[in-house]
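Residues per chain, in single letters:
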Amino acid sequence: MENIPQHVSIIMDGNGRWAKARGKERIYGHYEGVESVRACLEAAVEEGVKYLSLYAFSEENWNRPEQEVLGLMELMMKAMKKELITFMDNHIRFVVLGNRARLSDSLNATIDEMMAQTAANDTATLILFLSYSGQWDILQAMKKAAASLPEKDFQALTPEDFAPYLVTAGIPDPDLLIRTSGELRISNYLLWQCAYTEFYFSDVLWPDFRKPEFREALRAYAQRDRRYGKVK
Ligand code: IPE
Ligand code: IPE
Ligand code: MG
């Protein structure tokens, strides 16, 4: 395929509706969604995508019923541990970004261990946004910048100077953002980083979004004309 995006990001949505349509508990949809993660990661690597990032849990998702939150956290822990072998075999670097202070000690320990173990892998990077929100990210970056820079330098900040304070420091902005399940919104995801990202909305629910659907999104991206405000 031509014109492959360097960074594809996905708002994985629709797990609950997928489960409900089958008369099952919402958590069942989240478990099935892990299979879609595996499929899309495989397709991304096959197509030469260097960064795949996934919105797995937003800051707002903490407001869901406790049972669902606990179920999701348990699922993340299990899925991460299970995938470590795959990441090592396929040279995939694994990164978690978000408000880590809200995660449990045991989950944080697992994340630290996995990030350390996969740090030198260089075929592709898989980023999981956990307890993340775009507004939180911009605020924490602003506070860090204000605390570390003299007032004069803070006032002189340009977008290029500011970006390294975001949790995505060093990661290129997404070229393509996919959202599944027919919702046409960004839900407080990468607000700063999506300044010039191409958006792709699919009606397919996340547990049904597999390799063919991922490849279809790449094909749609290949047709886009990115102008960055300029005249071509
Ligand atoms: C996306 O699926 C997964 C998370 C937000 C954690 P949802 O759980 O939002 O599923 P729907 O949108 O209710 O169907
Ligand atoms: C966005 O999905 C967050 C994730 C996919 C992790 P939501 O289901 O939480 O978004 P809204 O509430 O429909 O906007
Ligand atoms: Mg949803």
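In the block above lies the structure referred to throughout.
What you see is a predicted model, and the numbers here were worked out from it, not measured in a lab.

1. Brief notes about the overall build of the protein chain
Part 1: Helices and strands together make up the secondary structure of the protein chain, namely 8 helices and 6 strands.
Part 2: Ordered by position from N to C terminus, the α and β elements of the protein chain give β-α-α-β-α-β-α-β-α-α-α-β-β-α.
Part 3: Taking 2.2 N^0.38 as the reference for a compact globule, 232 residues should give roughly 17 Å; the C-alpha atoms of the protein chain span a radius of gyration of 18 Å, in line with that estimate.
Part 4: Overall size of the protein chain, expressed as C-alpha extent along the three principal axes, is 60 × 45 × 35 Å.
Part 5: When the 232 residues of the protein chain are sorted by exposure, 48% land in the buried category.

2. A look at the pairing of strand S3 (residues 92–97)
Part 1: Within S3, 5 of the 6 residues are buried, leaving the element largely enclosed by the surrounding structure.
Part 2: Relative to strand S4 (residues 124–132), S3 is paired through 6 bridges, and the arrangement is parallel. Residue pairing for S4: leucine 97 is matched across the bridge by phenylalanine 129.

3. Digging into the packing of aromatic side chains
Part 1: Going through the model one piece at a time under the given rule, you end up with 13 aromatic pairs.
Part 2: With a centroid separation of 5.8 Å and 25 degrees between ring planes, the pair formed by tryptophan 18 and tyrosine 28 is classed as stacked. In this pair, tryptophan 18 is assigned in helix H1 (residues 15–20) and tyrosine 28 in helix H2 (residues 26–47), connecting sequence segments 10 residues apart.
Part 3: Among the aromatic residues, those joined into a ring-pair cluster are Tyr55, Phe129, Tyr132, Trp136 and Tyr189.
Part 4: The ring of tryptophan 18 carries the charged tip of arginine 22 above its face, separated from the ring centre by 3.9 Å.
Part 5: Of note, lysine 24 hangs over the ring of tyrosine 28, and the distance from its end group to the ring centre comes to 4.2 Å.

4. With respect to the environment of arginine 226
Part 1: Here arginine 226 shows up in the segment after helix H8 (211–222).
Part 2: Measuring from C-alpha to C-alpha, the distance between arginine 226 and threonine 197 comes to 8.9 Å, with 29 residues separating the pair along the chain.
Part 3: Setting aside residues up to four positions removed in sequence, arginine 226 forms contacts with Pro174, Asp175, Tyr196, Thr197, Glu198, Tyr221 and Lys232.
Part 4: A distance of 2.9 Å separates the side chain of arginine 226 from the backbone oxygen of tyrosine 196, its partner in a polar contact.

5. Focus on the site of ligand 1
Part 1: By nearness alone, 13 residues border ligand 1, and Asp13, Gly16, Arg17, Arg26 and Arg64 come closest of all.
Part 2: The separation between an oxygen atom of ligand 1 and a polar side-chain atom of aspartate 13 is 2.8 Å.
Part 3: Glycine 14 places a polar main-chain atom, nitrogen or oxygen, 3.4 Å from an oxygen atom of ligand 1.
Part 4: Considering every element that reaches the shell around ligand 1, the biggest residue donor is H1, with 3 residues.
Part 5: Class assignment for the residues of the shell around ligand 1 results in 3 nonpolar, 5 polar and 5 charged.

6. Some points on the site of ligand 2
Part 1: In the region of ligand 2, the neighbouring residues are Ile11, Met12, Asp13, Tyr55, Ala56, Phe57, Ser58, Asn61, Arg64, Arg179, Arg185 and Ser187.
Part 2: A distance of 3.3 Å is found between an oxygen atom of ligand 2 and a side-chain nitrogen or oxygen belonging to arginine 179.
Part 3: Interatomic distance of 2.6 Å between a side-chain N/O atom of serine 187 and an oxygen atom of ligand 2.
Part 4: Bound to the protein, ligand 2 loses 78% of the 390 Å² it would expose on its own.
Part 5: A total of 4 residues in the shell around ligand 2 trace back to one element, the largest contributor, which is strand S2 (residues 51–58).

Rules used throughout
Residues numbered from 1 in each chain as written. Chains lettered and ligands numbered in written order. Predicted model: local features only at pLDDT ≥ 70, side-chain atom pairs only at ≥ 80, totals over all residues. Heavy atoms only, no water. Helix = DSSP H or I, 4+ residues; strand = E, 2+ residues; numbered from the N terminus. Rg over C-alpha atoms; globule rule 2.2 N^0.38 Å. Buried < 20%, exposed > 50% of the residue type's maximum accessible area, 1.4 Å probe, protein only. Pairing = 2+ DSSP bridges. Phe/Tyr/Trp six-rings, centres within 6.5 Å; stacked < 30°, edge-to-face > 60°. Lys NZ or Arg CZ within 6 Å of the ring centre and 35° of its normal. Contact = heavy atoms within 4.5 Å. Polar contact = N/O pair within 3.5 Å; in protein donor to acceptor, adjacent residues only side chain to side chain. Near = heavy atom within 4 Å. Nonpolar A, V, L, I, M, F, W, Y, C, P; charged D, E, K, R; others polar. Areas by Shrake-Rupley, 256 points an atom, 1.4 Å probe, with all protein chains shown as cover.

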